[in-house]
Amino acid sequence: MNPYPIALTLTPGLGNKTIRQLLAICPKPEELFAMSHSQLREIFQNHIGIIAAIESRQPLAQAEQAIPLMEGYGVETLFCTDGDYPQRLNEAGCEDTPVLLYRMGRCDLNAGHSVALVGSRKCTDYGRATTHRLVEEMKADGTTIVSGLAYGIDTAAHEAALKQGLPTVAVLGHGLDIIYPPQNRLLARQIVERGGALLSEYPLHTQINASNFPARNRIVAALADATIVVEAAERGGALITANMANSYHREVFAVPGRLDDPLSEGCNNLVINNKAVMIRNAGDLFYQMGWKNTFDRQRQREEQMSLFSTLNINQQLVVRLLTENREMTLDEIVSKSGLSLPKTASIMMELELKNVVRCLPGRLYKIN
């Protein structure tokens, strides 16, 4: 583990925006700690405190001391120039996102589609059920589910992802050696064990501080292609996440609720104020994001599986052959099924009428 990127973030006076600007001048952090006083003075001008901290090498010593502890916890670092670092955080408009992340778990943070689900800590049974349904509908797409491991909708989102076998990322507002709320310790362990990840911008032993959670929400927003607010009061962390997502030019969606329900006020206001698009299901999300075909294929497969049980033995035989071979000619189907040509031709016509298979140019058949 390279201590220099860690040391850079531990240097007093250097924030995320400043470090990103600094990397344009000095791409390798280790080069900064090897510079002479005059070179540092040229870069930092009258910021004597920063120069003194670098020359003292105290941040580097702190980083080197922290590495064995991190390795003991199974924690690794991702610096903004690393290939594994989530590149969504490097996109234009995200300059305030952390240049260094601490990660527990091996989830690919750059894979496929990523959706954040957020909402009230005091969610209703309806909110939990809606969250589970939305995540279930995203299963065929392989969507990564992002949230903050808090009570309520966050917990429901992570649990639903695990149930559906989807990767899920929990962003914490403290060190990764602490799990808050403590009731989610088992959930956190399951996230890591099942191919997900815990993320934080804070070093180990960083204690729980209420001011860190709004800052945590900007990472949730930046990690996702889209943010869905399921249930939210007029004020709260979910709305902070939604506003951050808007500022990062991400898409924001809201599940509408009853006009007299306090936990629907936040969602309804987002829609009314054009800060979010109303959605009813994952199909609406995929359509708005241009992912519509994935959701359609999922529904189509479900319908086909339902229909499969109604097919006769010979029809099921042909469907299995096409499922295993993707595309087959009529002659190939006859050869592998052992059915006669007239019988096979009749079966193919029946399956076409049921919208189970389709005929391509060249008399090729495939599952619809």
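First things first, this report covers the structure right here in the doc. All values derive from a computational prediction rather than experimental measurement.

So, how was this worked out
- Each chain has its residues counted from 1, following the order in which its sequence is written.
- Whole-chain, interface and lining totals are the exception, using all residues; otherwise, since this is a predicted model, local features are given only for residues with pLDDT of at least 70 and side-chain atom pairs are given and counted only at 80 or more.
- Water and hydrogen atoms were dropped before computing side-chain values, which therefore reflect all heavy atoms in the structure.
- Counting from the N terminus, the helices are DSSP H or I runs at least four residues long and the strands are E runs at least two residues long.
- With a 1.4 Å probe rolled over the protein chains alone, any residue whose accessible area is under 20% of its type maximum counts as buried; one over 50% counts as exposed, and the rest are partly exposed.
- The contact criterion used throughout is that any non-hydrogen atoms of two residues lie within 4.5 Å.
- Only the protein chains shown count as cover for residues, and all accessible areas are computed by the Shrake-Rupley method using a 1.4 Å probe.
- When DSSP finds two or more bridges between a pair of strands, those strands are recorded as paired.
- Comment: axis = line fitted to C-alpha atoms, over the contacting stretch for helices; angle = value between 0 and 180 degrees taken between N-to-C directions.

Now for the overall build of the protein. Looking only at helices and strands, one finds 17 helices and twelve strands in the protein. Viewed in the frame of its principal axes, the protein has a C-alpha envelope of about 90 × 55 × 35 Å. Counting all 368 residues of the protein, 49% fall into the buried class. Contacts in the protein between residues far apart in sequence, at least 24 positions, make up 70% of those at least 6 positions apart. Of the roughly 17700 Å² that the protein leaves accessible, carbon and sulfur atoms contribute 50%.

Turning to the sheet that holds strand 12 (residues 364–367), a few remarks are in order. With respect to topology, three strands assemble into an open sheet ordered 10-12-11, the strand pairing being antiparallel. Among the strands making up the open sheet, the edge pair consists of strand 10 (327–329) and strand 11 (357–360). Neighbour-to-neighbour, the strand axes of this sheet turn through a mean angle of 30 degrees, independent of strand direction. In the sheet, strand 10 pairs with strand 12 via three bridges, with the strands oriented antiparallel. Bridge pairing links Met 328 to Tyr 365 in strand 12. Contacting strand 10 and strand 12, helix 16 (residues 330–337) runs over the sheet at an angle of about 90 degrees to strand 10.

As for its placement among the helices and strands, Ser 120 is situated in the loop between strand 3 (114–118) and helix 7 (125–137). Residue contacts for Ser 120: discarding those within four places in its chain leaves Tyr 151, Gly 152, Ile 153, Glu 231, Ala 232 and Leu 263.

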